[in-house]
Amino acid sequence: NEYKSYLSFVMADSEVECLSEVFRCFICMQQLQNARLCPHCSKLCCAPCIERWLMEQRQHCPHCREPLQKEELVKCRWAEEVTQQIDSMRSMQLDNKTGRLDKDRCEQHSGEKLSVFCVSCKMCICHLCALFVNQHSGHAFKPLEEEYEIHKKKITDEISALRRRLVELDGLKRDIDKNMETVKYAKGEREAEMRTVVNYMAEKLESQLKAKLSKLKGQKNSICNETEFLEKILEEVEKELKQKSKSEIIACVDHLMGMFSKVHETPMSNFVSAPVPADFVSEIVPQYQSSTFTLHNFSELRHKADPVYSPNMSCNGIKWRLKVYPDGNGVARSTYLSVFLELVEGVQEPASTSTKWKCYSIGLSLYVIS
């Protein structure tokens, strides 16, 4: 029954609050005084508030923004009666709440307020129970208000700890969200770099294709020109054979043979060319290049601390060389042969994303002759 009455009280309280929101001035957000109604949106406000707005701000409703004059405002006498009823309902609810607090009464001694806490039994009792009931004889007692404050402090401390934990969790969540955005941005940058590199490789591949096709088109054009020349001669000779008599043919045979001789002056080998290879230089797997460096008089060089350098090797415009310490270098001295690959000269191009991604495939062999 107590639970049901509590629920009904909460529901009634929320209903009163909802009703009071309707009859609240939307300008000052306080209870209506001398209520006025907008004829456009039917919102309620205080007469002093709306009059001051129309005088100092603009000639329109601050809620619906429709043009509004002071004379158009509707006076609502009934609104004051409603606000009085809301105040009465709130007063009744306050009385009910006080009544709930008065429920802290002793069941054995009706009407006596619970004012003592029995530490031994850990229960709330009235002062008569503490004085006259044998059940609590010889027990330790504390004022109920003191025990309530102790428990209340424990609860409020836990609430504060939970709120701090919630704030920390929210901070961690924001850090994770920020980290996620950072990761996504970094991924986007890498993806953009990859697209730039792929486009650069595609351009190089297209350049190789154009060079190969240009060479093939040149070979084809040479053959086409020769074909047209032969077709023209054949057409002319066949025409002569059809139109001229036998004596005329005999008379011009030297001319025709001269034309044939002119054709044979160019040998067929001139039109036979090696096929253009269908392989392309890959930017991902570049062409392998190798070089050999022979180290003479190795035993004599071991007694010197100076390094020995190989001749430069050029690979796609990049120059490399071997740097050899015959008697070792650093911790490897007198124990191992130390060999290093050095970049001597790079490509003279402006630094950009399209040129910094390069791969080279080289092989250098070292022969030691003692």
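Residues numbered from 1 in each chain as written. Predicted model: local features only at pLDDT ≥ 70, side-chain atom pairs only at ≥ 80, totals over all residues. Heavy atoms only, no water.

(A) Fine view of the sheet that holds strand E5 (residues 123-125). Taken in spatial order, the three strands of this open sheet run E5-E4-E6, and their pairing is antiparallel. Either end of the sheet is taken by a strand with one partner, and the two such strands are E5 and strand E6 (141-143). For this sheet the average axis-to-axis angle between neighbouring strands, irrespective of direction, equals 35°. Inspection of the sheet shows strand E4 (residues 116-118) paired to E5 by three bridges, in the antiparallel sense. Across the sheet, the residue bridging to Phe117 is Cys124, located in E5. Seen against the sheet, helix H5 (residues 144-243) touches E4, E5 and E6 and runs at an angle of roughly 80° to E6. (Pairing = 2+ DSSP bridges. Helix = DSSP H or I, 4+ residues; strand = E, 2+ residues; numbered from the N terminus. Axes fitted to C-alpha atoms, helices over the stretch in contact; angles between N-to-C directions. Contact = heavy atoms within 4.5 Å.)

(B) Representation of unusual backbone geometry in the model. Even without being glycine, Asn34 reaches a positive phi, approximately 55°. Inspection of the secondary structure assignment puts Asn34 in the loop between helix H1 (2-22) and strand E1 (35-37). Note on Asn34: relative accessible area 34%, which makes it partly exposed. (Buried < 20%, exposed > 50% of the residue type's maximum accessible area, 1.4 Å probe, protein only.)

(C) The arrangement of a nonpolar patch on the surface in detail. On the surface, Leu205, Leu209, Leu213, Leu216 and Phe280 cluster together into a nonpolar patch covering about 380 Å² of accessible area. With respect to the element layout, Leu209 can be found in helix H5. Taking relative accessible area as the criterion, Leu209 reaches 31% and is therefore assigned partly exposed. (Patch = residues over 30% accessible without salt bridge, like charges linked within 9 Å, V, L, I, M, F, W, Y side chains within 5 Å. Areas by Shrake-Rupley, 256 points an atom, 1.4 Å probe, with all protein chains shown as cover. Salt bridge = Lys/Arg side-chain N within 4 Å of Asp/Glu carboxyl O.)

(D) Geometry of the environment of Glu345. Looking at the element boundaries, Glu345 is found in strand E11 (residues 338-345). Taking the C-alpha atoms as reference points, Glu345 and Gly317, separated by 28 residues in sequence, lie 8.4 Å from one another. Those residues in contact with Glu345 that lie beyond four places of it in its chain are Gly317, Ile318 and Lys319.

(E) Up close: helix H7 (residues 253-264). Over its 12 residues, H7 extends 17 Å from the first C-alpha to the last, a length consistent with the 16 Å expected when each residue adds 1.5 Å. For H7, the set of buried residues is Leu256, Met259 and Val263. End-on, the buried residues of H7 take up no more than an arc of 55°, which puts them together on one face. Counted as exposed and oriented over 90 degrees from the buried face of H7: Asp254, Lys262 and His264. Buried-residue contacts for H7 involve H5. (Expected span 1.5 Å × (residues − 1). Arc of directions from axis to C-beta.)

(F) Expanded view of the state of the cysteines. Enumeration according to the criterion identifies zero disulfides in this entry. No disulfide involves Cys41; its sulfur sits 3.7 Å from that of Cys38, the nearest cysteine. In this structure Cys118 is not part of a disulfide, and its nearest cysteine sulfur, from Cys121, lies 3.6 Å away. The class for Cys118 is buried, based on a relative accessible area of 0%. (Disulfide = S-S within 2.5 Å.)

(G) Quick peek at the environment of Ser245. Residue position: Ser245 is located in the loop between H5 and helix H6 (246-251). A distance of 3.2 Å separates a polar atom in the side chain of Ser245 from a polar atom in the side chain of Ser247. (Polar contact = N/O pair within 3.5 Å; in protein donor to acceptor, adjacent residues only side chain to side chain.)

(H) Focus on the sheet that holds strand E2 (residues 44-46). Taken together, the three strands give an open sheet; going across it, the order is E2-E1-E3, and neighbouring strands pair in antiparallel fashion. Pairing within the sheet leaves two strands with one partner each, and these edge strands are E2 and strand E3 (74-75).

(I) Molecular detail of the confidence of the model for the protein chain. Chain-level pLDDT for the protein chain is 82 on average; 85% of the residues reach the 70-or-more range. Mean pLDDT values for the elements of the protein chain range from 47 in helix H9 (residues 353-356) up to 92 in H5. The low-confidence segment residues 1-11, where pLDDT is below 50, has seven contacts with residues more than four positions distant or belonging to other chains. (pLDDT = per-residue confidence, 0-100.)

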